[in-house]
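# Notes for the structure review
Next come the chains, spelled out residue by residue.
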Amino acid sequence: MAGMTLCSVCERQVRGKAKVEGGASTSTVDGATTTAAAAAASEACALCFGTLNPQFVARVAADVGRAVKNDFYDVKDFVLSLNMPVSLILREEIVKMRDDLGFAGTLASVPFRIRAIDAYIGALYEATGLRPTKCSNLNLTITFCNDEFLKPDCDFLLDHFPDEFIMPAKKMRLAEPPPIESLLTKVKVLSIASRLQADVAKKFNFETPTNNCVSSFELSRDPIFLAGRYCKFSRNLPQSPWTADDHAGSGIVGGSVSEQVCQFLKQKSLADVTRFTASGREDIDVRMLGEGRPFAVQLVNPRKKLPEWSTIEQEINRTFNDIRVSFLRQVTRAEADILKIGEEEKRKTYTALCYSSKRVDPVMLAALQNKAPLELKQKTPVRVLKRRPLIERPRNIFQMHALPIDDHHFQLRLTTQAGTYVKEFVHGDFGRTRPSLADLIDPESEVDILELDVEMVDLEWPPGNITAQQPVPNGLAK
Ligand SMILES: [Zn+2]
């Protein structure tokens, strides 16, 4: 072991620990450690970089303990991951090939990762009160940094594997190309190590680190995906917040379906972020009726378990007058993704209150139902041209029924392919949708749409049996 400084923990794990004498916690080859320097050097170790030092472990655990107490996670356990410095990973790989070092015992037989986790779990349990386990929805990742050997490590490997360190041309063209050691990643080290020859490994110099590792950590809980359906009873409430390129931005916070639902869930779960997705969207002045529109919400890093689904539904529906959520349940990420798939195939059913400039002819209206199914050619409507490219798309009307209300008004019921611009189908959008409803009833008349409601979005949602609503007792059950 000539030339290698080990801390007392690593030393203990190596056969022949007799080197440690007189209570010194660090053994050095040159014996130059002074009393004053001894404390500072006590974490110095060419193998673990001081990460196994009990005082260091206690400090890291205390930091984590404070964070856990301030963060309100209502869990009893966690999964621990440790990110070790790249230089340390390289050294462990080389140590394995160095029979000349005379390592035996735990250090030779147990991977460093296991020894490190073993060094931390007890202290973390004590500091946090949470049980370290292999399966939990709370993840604690501790990252240790020490980059003082990145350059020499890189130079060492570069001598034998020059082809592994070629900076991509794109990065070389940057005003300040990144240093070559930025290519030395954990994946790269492990890939090179598997091809490293023993005689090359013998040339590696185990210098002692002069800096302690810097540690940082992250606590994060697995996201929750919720699925449900929403109804919207207002003609003055958008599905999502106005964005800069939407017209007439009202800018009212909470003035949308997604904000109302998400604000509530965020408050209950103390999640960092909520992400709302829905199967399509209705215009602000269109009501969403029937069983509602399928939606999903992702809660990122939730701290608290959610109440039962029925309680959430009741509270949301009591809090907000213009929306109603139902069929709430937890789904997997893959299930939540179904919302974005097959968008074009979904059918939607609408009812519309329409006005005709010419007197309504009941016979013409009744004849409408025989004109479906029908394919339309729709150019991007004038009203959304600012946001969408100008294209012409075919869209299908599957069913069509109309009932007269009075001389100039009638009710229209349509089942269409998703993505059909219904308002434009009714009034024709200056000839940009062909045929239009006016074309079908009486090309001489003008027809306009006064009110539109979505009656049905045809998607089995939430996935599975939507009638068997089983509230999960603790909303976070995996
Ligand atoms: Zn050590």
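In this report, we go over the structure that sits alongside the text. (Residues numbered from 1 in each chain as written. Predicted model: local features only at pLDDT ≥ 70, side-chain atom pairs only at ≥ 80, totals over all residues. Heavy atoms only, no water.)

## Some details on the overall build of the protein chain
We count it as follows: The secondary structure listing takes helices from DSSP runs of H or I that are at least 4 residues long and strands from runs of E that are at least 2 residues long, numbered from the N terminus. A 1.4 Å probe rolled over the protein chains alone gives each residue an accessible area, and that area as a share of the maximum for its type sets the label: buried under 20%, exposed over 50%, partly exposed in between. Only heavy atoms enter the contact rule, under which two residues are in contact if any of them lie within 4.5 Å. The protein chains shown are the only cover counted for residues, whose accessible areas, like all others here, come from Shrake-Rupley with a 1.4 Å probe.
On a plain count of helices and strands, the protein chain comes out with 16 helices and 16 strands. The 478 residues of the protein chain split such that 45% are buried. Pairs at least 24 apart in sequence give 78% of the contacts found in the protein chain among residues at least 6 apart. In the structure as shown, the protein chain presents an accessible area of about 24,200 Å², 53% of it carried by carbon and sulfur atoms.

## Description of the pattern of salt bridges
Here is the rule: Each reported salt bridge corresponds to a side-chain nitrogen of Lys or Arg within 4 Å of a carboxyl oxygen of Asp or Glu.
For the coordinates displayed, the defined rule picks out 26 salt bridges. Arginine 221 serves as the salt-bridge partner of aspartate 74, at 3.0 Å between the closest nitrogen and oxygen. Here aspartate 74, found in the loop between helix H3 (54-71) and strand S3 (77-83), pairs with arginine 221, found in strand S6 (residues 214-221); they are 147 residues apart in sequence, far enough to count as distant. Classification of arginine 221 by relative accessible area gives buried; the value is 3%.

## Here's the deal with helix H7 (residues 150-160)
We count it as follows: The arc in question is the one traced by the directions running from the helix axis out to the C-beta atoms.
Restricting attention to buried positions, one finds in H7 the residues Leu150, Asp153, Cys154, Phe156 and Leu157. The arc enclosing the buried residues of H7, seen along the axis, measures out at 160 degrees, which places them on a common side. Buried residues belonging to H7 abut helix H4 (86-97), helix H9 (186-193) and helix H10 (198-201).

## Focus on the coordination of the zinc ion
The test is simple: Counted as coordinating are nitrogen, oxygen and sulfur atoms within 2.8 Å of the metal, or 3.2 Å for Na, K and Ca, while water is not included, which may make sites look incomplete.
The zinc ion binds to the protein through Cys7 (SG), Cys10 (SG), Cys45 (SG) and Cys48 (SG), with metal-donor distances spanning 2.2 to 2.3 Å. Site description for the zinc ion: donor spacing in sequence, C-x2-C-x34-C-x2-C. In this pair, cysteine 7 is assigned in strand S1 (residues 6-7) and cysteine 48 in the loop between helix H2 (35-41) and H3, connecting sequence segments 41 residues apart. In this structure, cysteine 7 and cysteine 48 share a single accessibility class: buried.

## Some details on the pairing of strand S5 (residues 138-145)
The following threshold applies: Strands qualify as paired when DSSP identifies two bridges or more between them.
Judged by which residues are buried, S5 turns out to be one-sided: Leu138, Leu140, Ile142 and Phe144 face inward and are buried, whereas Asn139, Thr141, Thr143 and Cys145, on the alternate face, are not. As defined by bridge partners, S3 adjoins S5 across 5 bridges and the pair is classed as parallel. If you follow asparagine 83 over to S5, its bridge partner there is threonine 143. Pairing of S5 with S6, which is carried by 8 bridges, proceeds in the antiparallel orientation. The residue bridging leucine 138 from the neighbouring strand is arginine 221, located in S6.

## A look at the pairing of strand S7 (residues 224-232)
Of all 9 residues that make up S7, 9 are buried, and the element is covered over most of its length. Because side chains alternate across S7, one face comprises the buried residues Ile224, Leu226, Gly228, Tyr230 and Lys232, and the other comprises Phe225, Ala227, Arg229 and Cys231, equally buried. Sheet topology note: the S7/strand S9 (residues 286-300) ladder contains 8 bridges and is antiparallel. Looking across to S9, one finds that alanine 227 is bridged to alanine 296.

## What to know about H4
The following threshold applies: Under the convention used throughout, the expected extent of a helix is 1.5 Å for every residue step, that is, one less than its residue count.
With 12 residues, H4 should cover 16 Å at 1.5 Å per step; its first-to-last C-alpha distance of 18 Å lies within 8% of that length. Burial runs high along H4: 9 of the 12 residues are buried.

## Let's talk about the sheet that holds S3
This is how the line gets drawn: Note on geometry: axes are lines fitted to C-alpha atoms, helical ones only across the stretch in contact, with angles between N-to-C directions running from 0 to 180 degrees.
On the basis of which strands lie adjacent, the open sheet formed by 4 strands has the order S4-S3-S5-S6 and mixed pairing. Unpaired on one side and paired on the other, strand S4 (131-132) and S6 mark the two borders of the sheet. Of the strands in this sheet, S5 and S6 are in contact with H3, which crosses S6 at around 35 degrees.

## Structural notes on unusual backbone geometry
Cis rather than trans, the peptide bond between arginine 434 and proline 435 has omega equal to -10 degrees. When you line up the elements, proline 435 lands in the loop between strand S15 (433-434) and helix H16 (437-441). That bond from tryptophan 461 to proline 462 is cis: its omega, -5 degrees, falls within 30 degrees of zero. Along the chain, proline 462 falls in the segment after strand S16 (447-458). One non-glycine residue, phenylalanine 327, adopts positive backbone phi at about 60 degrees.

## Looking at the environment of valine 64
Structurally, valine 64 is set in helix H3. Separated by 64 residues in the primary sequence, valine 64 and threonine 128 have C-alpha atoms spaced 7.1 Å apart.

## Looking at the packing of aromatic side chains
To keep things clear, this is the line we draw: Stacked, tilted and edge-to-face are the three classes assigned to paired rings of Phe, Tyr and Trp, where Trp is represented by its six-membered ring and a pair needs centres within 6.5 Å; plane angles under 30 degrees give stacked, over 60 edge-to-face, the rest tilted.
Taken as a whole and judged by the stated rule, the model has 8 aromatic pairs. Aromatic pair phenylalanine 156 and phenylalanine 204: ring centres 5.1 Å apart, planes at 85 degrees, arrangement edge-to-face. Here the residue phenylalanine 156 occupies a position in helix H7, and phenylalanine 204 occupies one in the loop between H10 and S6, the gap between them amounting to 48 residues. Under the relative-accessibility criterion, phenylalanine 204 is labelled buried at 5%. Here tyrosine 230 and phenylalanine 295 contribute two aromatic rings whose centre-to-centre distance is 6.1 Å and whose plane-to-plane angle is 55 degrees, an arrangement assigned as tilted. Of this pair, tyrosine 230 sits in strand S7 while phenylalanine 295 sits in strand S9, and the two are 65 residues apart along the sequence.

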